Structure formats: C-alpha cells, structure tokens
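One letter stands for each residue in the lines below.
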Amino acid sequence: MPDARVTVTVHGPDPLSRAGVVRHLQHQPSVELVDRPCPPGDEPRGAVAVMLAERLDDRAGAELRRLVRGGRQRVVLIAGELRETELMAVMEYGVQAVLWQHRTTPKRLLRAVHRAARADRGTPCGVDRRL
C-alpha cells in the first residue's frame, strides 16, 4: 500500500452498513477516517468518499452528485445492485470505482480507496466485473 495516508469519509442511509465499512477501514494505517465530511470544496485533495447504496434511486443519485461536485474528492460506490443504465449514469457522475456489495472484502475496499485517491478526476479506476 502507498505511504501517503488517504482521508476517507463514509456515506449512506444505513447506519449498520456504514458501521461495517468504518470497522474495516478504521485500523488501516494508510487511512485517516473522518467522521464529519468537510464542507463542499474544503475536502483535502485526494480525499475519498465511500458511498453505500443498495440501489441508485433519486436520493442516492443526488448524494453521489453532491459528493463528486467540486472535484477535490474521489468517490467509491458500494452498490447492492445496479442496472447497466444506472452503472453508466454513475460513471457519468464521475464516480471513480464501483464495488458490488456482495463481493466487497476489506482488501478490495482498501485497494479501491487507494486507487481512487491516486486516479485522475475524469477517469474511472475500476468497476468490479459484472456486465
């Protein structure tokens, strides 16, 4: 893993799912977990927001767009299920990586966070194979 620490915030409507992601990341020496997100535009460069969404409904879509707006932080989406059109919409929003909830492991999550932190803003760094 890279030497630089990555600042990470975790977002999503389900407190149990958020707690699970936090538990996986909190003991990683390469991750600085932040409880409260910075105001939009004040995020440190290379910060990563991990967003949890069972589906891409209106609420999740709005939250993803809000997280991506400003361009200072990268977004990793952990999704329960997405149709192909929703996956394309997520990529158009500027999400850096998509992990499928049922296939996400602590190792995959950490790898996605670090890849997202290093990625160029306009290029997605990965979508876990599905289509």
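Just so it is clear, the structure is predicted and the values come from calculations on it, not from any experiment. (Residues numbered from 1 in each chain as written. Predicted model: local features only at pLDDT ≥ 70, side-chain atom pairs only at ≥ 80, totals over all residues. Heavy atoms only, no water.)

Colleague: Just give me the short version of the overall build of the protein, but keep the residues and values in it.
Modeller: Regarding its fold elements, the protein presents 4 helices and 6 strands. Long-range pairs, those at least 24 residues apart, make up 73% of the contacts in the protein between residues at least 6 apart in sequence. For the protein, the accessible area works out to roughly 7600 Å², and carbon and sulfur atoms hold 48% of it. (Helix = DSSP H or I, 4+ residues; strand = E, 2+ residues; numbered from the N terminus. Contact = heavy atoms within 4.5 Å. Areas by Shrake-Rupley, 256 points an atom, 1.4 Å probe, with all protein chains shown as cover.)

Colleague: With reference to specific residues and values, describe the pairing of strand β3 (residues 47–53).
Modeller: For β3, a buried count of 7 out of 7 residues is recorded, marking the element as mostly surrounded by other parts of the structure. A two-sided burial pattern is seen for β3, the buried positions comprising Ala-47, Ala-49, Met-51 and Ala-53 on one face and Val-48, Val-50 and Leu-52 on the other. Handedness of the crossover joining β3 and strand β4 (residues 73–79) through helix α2 (residues 58–68) is recorded here as right-handed. (Buried < 20%, exposed > 50% of the residue type's maximum accessible area, 1.4 Å probe, protein only. Right-handed = clockwise from strand over helix to strand, strands pointing away.)

Colleague: For the nonpolar core, give the residues involved together with the corresponding values.
Modeller: Judged by nonpolar contacts, the single largest core of 19 residues is most densely connected at Val-8, Val-21, Val-48, Val-50, Val-76 and Leu-109. Those elements giving two or more residues to this core turn out to be β1 (6–11), α1 (15–25), β3, β4, β5 (97–100) and α4 (106–118). Sorting elements by how many residues they give to this core places α4 first, with 6 residues. Ignoring any residue separated from it by four or fewer positions in sequence, one finds Val-8 in contact with Leu-25, Val-31, Glu-32, Leu-33, Val-34, Val-48, Val-50 and Val-113. Membership of the second largest hydrophobic core comes to 18 residues, among which are Leu-56, Val-68, Leu-77 and Leu-82. (Core = buried A, V, L, I, M, F, W, Y, C linked by side-chain atoms within 4.5 Å.)

Colleague: Kindly report on the pattern of salt bridges, identifying the contributing residues and their values.
Modeller: With the rule as written, the count across this model stands at 3 salt bridges. Of the charged contacts in the structure, one is a salt bridge between Glu-81 and Arg-55, with a shortest N-O distance of 3.0 Å. You can see Glu-81 sitting in the loop between β4 and α3 (84–93) and its partner Arg-55 sitting in the loop between β3 and α2, a full 26 residues away along the chain. (Salt bridge = Lys/Arg side-chain N within 4 Å of Asp/Glu carboxyl O.)

Colleague: Describe the pairing of β1, and please don't skip the residues or the numbers.
Modeller: With respect to burial, β1 is a largely interior element, 6 of its 6 residues being buried. Strand direction decides the pairing type here: β1 and strand β2 (residues 31–33), joined by 3 bridges, are parallel. The partner of Val-6 across the bridge, within β2, is Val-31. Relative to β3, β1 runs parallel, the two sharing 4 bridges. (Pairing = 2+ DSSP bridges.)

Colleague: Go over α4, please, and point to the residues and values.
Modeller: Between the first and last C-alpha of α4 there are 19 Å, a value that for 13 residues agrees with the 18 Å anticipated at 1.5 Å per step. Looking only at α4, the buried set comprises Leu-109, Leu-110, Ala-112, Val-113, His-114, Ala-116 and Ala-117. Its buried side turned inward, α4 meets β1, α1, β2, β3, β4 and β5. (Expected span 1.5 Å × (residues − 1).)

Colleague: Which residues make up the environment of Val-48, and what values do they have?
Modeller: When you line up the elements, Val-48 lands in strand β3. Here the alpha-carbon distance between Val-48 and Arg-74, two residues 26 residues apart in the chain, equals 4.7 Å. With residues up to four places along the chain from it excluded, the contact list for Val-48 reads Val-6, Thr-7, Val-8, Thr-9, Arg-74, Val-76, Val-113, Ala-116 and Ala-117.

Colleague: I'd like a rundown of the confidence of the model for the protein, residues and numbers included.
Modeller: Taken as a whole, the protein shows an average pLDDT of 85; of its residues, 81% reach a score of 70 or greater. By mean pLDDT, strand β6 (residues 126–127) is the weakest element of the protein at 55, and β3 is the strongest at 95. (pLDDT = per-residue confidence, 0-100.)

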